[in-house]
Amino acid sequence: MKYKRILLKLSGEALQGPSKSTNIDPIMLEQYCAEIQTLRDQKVELAIVIGGGNIFRGGQAESLGIDRVQGDYMGMLATVINAMALQSALERHGLYTRLMAGIKMEQVCEPFIRRRAIRHLEKGRIVIFGAGIGNPYFTTDSTASLRAIEVQADIVLKGTRVDGVYNKDPEKFPDAVRYKTLSFQEAYERNLNIMDMTAFTLCMENKLPIIVFDMNKKGNLLKIANGEEAGTLIS
Ligand code: UDP
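What counts, and where the lines are drawn
Residues numbered from 1 in each chain as written. Predicted model: local features only at pLDDT ≥ 70, side-chain atom pairs only at ≥ 80, totals over all residues. Heavy atoms only, no water. Phe/Tyr/Trp six-rings, centres within 6.5 Å; stacked < 30°, edge-to-face > 60°. Helix = DSSP H or I, 4+ residues; strand = E, 2+ residues; numbered from the N terminus. Buried < 20%, exposed > 50% of the residue type's maximum accessible area, 1.4 Å probe, protein only. Lys NZ or Arg CZ within 6 Å of the ring centre and 35° of its normal. Near = heavy atom within 4 Å. Polar contact = N/O pair within 3.5 Å; in protein donor to acceptor, adjacent residues only side chain to side chain. Nonpolar A, V, L, I, M, F, W, Y, C, P; charged D, E, K, R; others polar. Contact = heavy atoms within 4.5 Å. Pairing = 2+ DSSP bridges. Right-handed = clockwise from strand over helix to strand, strands pointing away.

A. Molecular detail of the packing of aromatic side chains. Enumeration according to the criterion identifies two aromatic pairs in this entry. For the ring pair phenylalanine 112 and phenylalanine 129, a centre distance of 5.4 Å and an interplane angle of 80° mean the geometry is edge-to-face. Here phenylalanine 112 is found in the loop between strand E4 (110–111) and helix H3 (114–122), whereas its partner phenylalanine 129 is found in strand E5 (residues 126–130), with 17 residues between them in sequence. Across the pair, phenylalanine 129 and phenylalanine 112 agree in class, each one buried. Arranged with centres 5.5 Å apart and planes meeting at 70°, the rings of phenylalanine 184 and phenylalanine 200 form a pair that is edge-to-face. Highlighted residues: phenylalanine 184 in helix H5 (residues 184–189) and phenylalanine 200 in helix H6 (residues 197–205), separated in sequence by 16 residues. Neither phenylalanine 184 nor phenylalanine 200 differs from the other in exposure class; each is buried. If you follow arginine 147 out to its NZ or CZ, it ends over the ring of phenylalanine 112, 3.7 Å from the centre. One residue, arginine 147, lies across the ring of phenylalanine 129, its end atom 5.8 Å from the ring centre.

B. A look at the site of the ligand. Around the ligand, 22 residues are found, and the nearest of them are Gly12, Arg57, Asp72, Asn135 and Thr140. Within the backbone of glycine 52, one N or O atom sits 3.0 Å away from an oxygen atom of the ligand. In the model, an oxygen atom of the ligand is placed 3.4 Å from a nitrogen or oxygen of the methionine 76 main chain. Elements represented by at least two residues in the shell around the ligand include exactly helix H2 (68–92) and helix H4 (140–150). Broken down by element, the residue count for the shell around the ligand peaks at three residues, all from H2. Here the residues of the shell around the ligand sort into six nonpolar, twelve polar and four charged.

C. Highlighting H4. With eight of eleven residues buried, H4 lies mostly within the body of the structure. Those residues of H4 not exposed but buried are Thr140, Asp141, Ser142, Thr143, Ala144, Ser145, Arg147 and Ala148. Elements that come into contact with the buried residues of H4 comprise strand E1 (5–10), strand E2 (45–50), H2, E5, strand E6 (155–160) and H6. Of the residues that open H4, the one with a side-chain oxygen 3.2 Å from the backbone nitrogen of aspartate 141 is threonine 139.

D. The pairing of E1, seen in detail. Across the six residues of E1, six count as buried, placing the element largely inside the fold. Residues Arg5, Leu7 and Lys9 of E1 are buried on one face, and the alternating residues Ile6, Leu8 and Leu10, pointing to the opposite face, are buried as well. Direction of pairing for E1 relative to E2: parallel, over a ladder of six bridges. Considered in E2, the bridge of leucine 10 is made with isoleucine 50. Taken together, E1, helix H1 (residues 26–41) and E2 constitute a β-α-β crossover, and its handedness is right-handed. Pairing of E1 with E6, which is carried by five bridges, proceeds in the parallel orientation. For leucine 8, the partnering residue across the bridge sits in E6 and is leucine 157.

Next up, the structure:
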């Protein structure tokens, strides 16, 4: 495997599946676990950050008459719900996991302690980071970048429903062209919105590469971990 320690970022919305009829679609959970298992079968060390957008985003708060900071904490709690669902599904697959959260929740997960997280990874446990970084005004993309740097991951893999970064929205423009590789500088100058600015800058300054790829395509995750071309590599 090309990458030995990977941080996988999954959006909360992806868990809803295409029908969006439920917040957490069991078919999506199962599909993700099967993909993740292929990495563990190859002994790749894996940390996962999952978003909460399928349940709540801080940005929605004000329109509901909820204070923004309160809303952000609600969003962080939403990520824990998703993380717990994912943990349970991974364990059903016989995988060893640990859930570590940026907000203390002793009954359901460990607090995030960097050295302990690294130790879990070394022991082959999949570490899921819930509750973001524990601070409002951040996103789970920033959490992914920060935790990846902290645990010295080789790469951030951002799983989406499109197979990479395009020059324009491929869901709206059929003639959109996918980039195979991009430098951080090119991505910044072309305003390509790969991640929010905080997350993107953290990766750029720490020379942590990102691959944006289609998480719904079977076998893609393993292919990428093995260094094969898929999605868009930003480095
Ligand atoms: N959030 C936060 N701090 C963090 C991580 C997340 O305040 O460190 C909140 C923020 O309100 C965000 C919500 O949690 O909108 C859900 O996360 P995100 O929108 O990143 O989820 P995704 O879009 O990946 O599903």
